[in-house]
Amino acid sequence: MAVNYRKTLISCYLGFITQAIAANFAPLLFLTFHNGFGIPFGKIALISSVFFVTQLIIDVLCARFADKIGYRKCVIGSQVFSALGLIGLAFLPELLPDPFSGIIISTVIYAMGSGLTEVLVSPIVEACPFEHKEAAMSLLHSFYCWGSVGVILISTLFFTAFGIENWKWLSCIWAIIPLVNVYNFSVCPIAHPVEDGEGMRIRDLLRVPLFWLAILLMVCAGASELSMAQWASAFAESALGLTKSVGDIAGPCMFAVTMGISRTLYGKYGEKLDLMKFMIGSALLCLICYITASLSGIPVIGLLGCIMCGFSVGIMWPGSISICSGKIPTGGTAMFALLAMAGDLGGALGPAIVGNITQSAGDDMQKGMLAGCAFPLILMISLLLLNRARRRNN
């Protein structure tokens, strides 16, 4: 039976690669938007905010309507929206009187696709009849990491070879992946994690104490990951004096590589490992990485802390989903949607907190990163409490 679902897995892998394109391509063009369209940096900063807010809204809507509309229609829609948004990014800024409006409209469209992908792909894989689902979930999420690496490296090579002024062509080229995946999701088998009508409702989930703990895990997982990921490039440039392109490769690109390695390793050997212990160890390593990056007086060691942080956060997001889905097997679409919303909330709040503290400390980025230690610390304490409860029950 598992062989029949290989097409489903491939479709889901490409879905997460598409999400990585949506999340990482436009930020590479922020300076180009500023220079080419004359958009102030204050407005450009809104692009990322609009992306995450749109994803949060889609997460909430999916919790209520995805089951009624159907997984196949929704996940096909995710790829259509992603493709349309990327194509729109190439054309709308020129077609509309205000280029910034064209960018924001495109961002909203592909963010809708990204949000749908985030909510639906995990339960689709969870419903596949595979053994060792925790490992399968980790391997699935590794494709977001490898997609991020590919977007950064291939885009950098494209801009070097053909010039940054031809970025619109690349935007259309990236849209080919979700367009191909529309067909994949149209023909692959798709199962539901629970039978129709048997999934828990939102108000029922909110009465389960374990679900609130899972929400906390996801918020901390998203904050731990994105607080470091979004500041890694700036740290590489400011601490080591690297150029923008080299800083992107040394910072966020290497962060994504180590995060992908962590998820791939667990995906391959996860059946031999205790997920809870692996996550506790990862949270401890993450805390050490934040402390190293924030307190080290040697720039290279601080950068190494940023890079290794990617390895430490790799298991947090998929691991938290696996723990919750294992403990609440009838959670259904609402559970996966709210978990995704919590992760996005952490991803929005974490970098903002680090950035505000950095500004309050006189633009001292290391002090901002020191504040980020709170996220892996809370995550580790929560996991230790959950592990203690598990031992008592056994």
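Please refer to the structure higher up on the page.
Scoring rules and cut-offs
- Residues numbered from 1 in each chain as written.
- Predicted model: local features only at pLDDT ≥ 70, side-chain atom pairs only at ≥ 80, totals over all residues.
- Heavy atoms only, no water.
- Helix = DSSP H or I, 4+ residues; strand = E, 2+ residues; numbered from the N terminus.
- Rg over C-alpha atoms; globule rule 2.2 N^0.38 Å.
- Buried < 20%, exposed > 50% of the residue type's maximum accessible area, 1.4 Å probe, protein only.
- Contact = heavy atoms within 4.5 Å.
- Lys, Arg positive; Asp, Glu negative; His and termini not counted.
- Charge placed at Lys NZ, Arg CZ, Asp CG, Glu CD.
- Patch = residues over 30% accessible without salt bridge, like charges linked within 9 Å, V, L, I, M, F, W, Y side chains within 5 Å.
- Areas by Shrake-Rupley, 256 points an atom, 1.4 Å probe, with all protein chains shown as cover.
- Salt bridge = Lys/Arg side-chain N within 4 Å of Asp/Glu carboxyl O.
- Phe/Tyr/Trp six-rings, centres within 6.5 Å; stacked < 30°, edge-to-face > 60°.
- Axes fitted to C-alpha atoms, helices over the stretch in contact; angles between N-to-C directions.
- Parallel < 35°, antiparallel > 145°, perpendicular 65-115°, else oblique.
- Left-handed = near helix turned anticlockwise from the far one by under 90°.
- Nonpolar A, V, L, I, M, F, W, Y, C, P; charged D, E, K, R; others polar.
- Core = buried A, V, L, I, M, F, W, Y, C linked by side-chain atoms within 4.5 Å.
- Disulfide = S-S within 2.5 Å.

Caption draft 1: How the structure looks around the overall build of the chain. What the chain contains, in helices and strands, is 17 helices and zero strands. Computed over C-alpha atoms, the radius of gyration of the chain comes to 20 Å, within 12% of the 21 Å expected from 2.2 N^0.38 for 394 residues, which places it in the range of a compact globule. With respect to the three principal axes, the spread of C-alpha positions in the chain is 60 × 50 × 35 Å. For the chain, buried positions account for 54% of its 394 residues. By sequence separation, contacts in the chain at least 24 residues apart represent 83% of the contacts at least 6 residues apart. Of the side chains in the chain, 23 bear a positive and 21 a negative charge, and the two mean positions are spaced by 7 Å.

Caption draft 2: Layout of a nonpolar patch on the surface. On the surface, a cluster of nonpolar side chains totalling about 430 Å² of accessible area is made up of Val53, Ile57, Leu61, Phe65 and Ile69. Considering the arrangement of structural elements, one finds isoleucine 69 in helix α3 (residues 41–69).

Caption draft 3: Spotlight on a positive patch on the surface. Taken together, the side chains of Lys277, Arg388, Arg391 and Arg392 define a basic patch exposed on the protein surface. By residue number, the principal contributor to the positive patch is helix α17 (residues 374–393), which donates three residues. Here arginine 388 lies in helix α17.

Caption draft 4: Representation of the packing of aromatic side chains in the model. If you walk through the whole model with that rule in mind, you get eight aromatic pairs. Consider the rings of phenylalanine 158 and phenylalanine 159, whose centres lie 6.1 Å apart with planes at 80°: the pair is edge-to-face. Across this residue pair, the class does not change: phenylalanine 158 and phenylalanine 159 are buried. Arranged with centres 5.2 Å apart and planes meeting at 40°, the rings of tyrosine 266 and phenylalanine 278 form a pair that is tilted.

Caption draft 5: Structural detail: the packing of helix α4 (residues 71–95) against helix α5 (residues 99–127). Taken N-terminus to C-terminus, the directions of α4 and α5 make an angle of 155°; their axes are 7 Å apart at the nearest point. Considering their axes alone, α4 and α5 lie roughly antiparallel with respect to each other. As for how α4 packs across α5, the hand of that crossing is left-handed. Looking at the contact of α4 with α5 residue by residue, the classes come out as 19 nonpolar, eleven polar and no charged.

Caption draft 6: Examining the packing of helix α7 (residues 167–174) against helix α8 (residues 176–187) more closely. Axis separation between α7 and α8 bottoms out at 4 Å; the angle between their running directions is 15°. Our classification of the angle between α7 and α8 gives roughly parallel. Each of Cys172, Ile173 and Trp174 in α7 lies in contact with α8, whose residues at this interface are Ile176, Ile177 and Pro178. Across the contact of α7 with α8, the residue classes break down as six nonpolar, no polar and no charged.

Caption draft 7: Seen up close, the nonpolar core. Counting 59 residues, the largest nonpolar core has Phe25, Phe33, Ile47, Met228, Cys309 and Leu383 as the members making the most contacts within it. It is helix α12 (residues 275–295) that provides the largest number of residues to this core, a total of ten residues. If sequence neighbours within four positions are ignored, cysteine 309 has contacts with Ser224, Met228, Phe255, Cys286, Cys289 and Tyr290. Formed by 49 residues, the second largest nonpolar core is a distinct cluster that contains Tyr71, Cys128, Phe211 and Leu339.

Caption draft 8: Structural detail: the environment of tryptophan 317. Of note, tryptophan 317 is situated in helix α14 (residues 316–327). C-alpha separation for the pair tryptophan 317 and cysteine 220, spaced 97 residues apart in sequence, amounts to 9.1 Å. Not counting residues within four places of it along the chain, the set of residues in contact with tryptophan 317 comprises Glu118, His141, Met218, Ala221, Gly222, Glu225, Arg263, Ala340, Gly343 and Asp344.

Caption draft 9: Structural view of the pattern of salt bridges. Following the criterion strictly, the structure yields three salt bridges and no others. We note a salt bridge from glutamate 94 to lysine 168, for which the minimum N-O separation is 2.6 Å. Pair noted here: glutamate 94 is in helix α4 and lysine 168 is in helix α7, with a separation of 74 residues, a long-range link. Relative accessible area serves as the criterion here: at 24%, lysine 168 is assigned to the partly exposed category. Between aspartate 204 and arginine 207 there is a salt bridge, with its nearest N and O atoms 2.9 Å apart.

Caption draft 10: A look at the state of the cysteines. This model, assessed by the stated rule, comprises zero disulfides. With no disulfide of its own, cysteine 12 lies 6.4 Å from the sulfur of cysteine 128, the closest cysteine sulfur. Look at cysteine 12 and you get buried, because its relative accessible area is 0%. Free of any disulfide, cysteine 253 has its nearest neighbouring cysteine sulfur in cysteine 145, separated by 11 Å. The exposure class of cysteine 253 is buried, given its relative accessible area of 2%.

Geometric descriptors of this kind do not, in isolation, establish any biological role.
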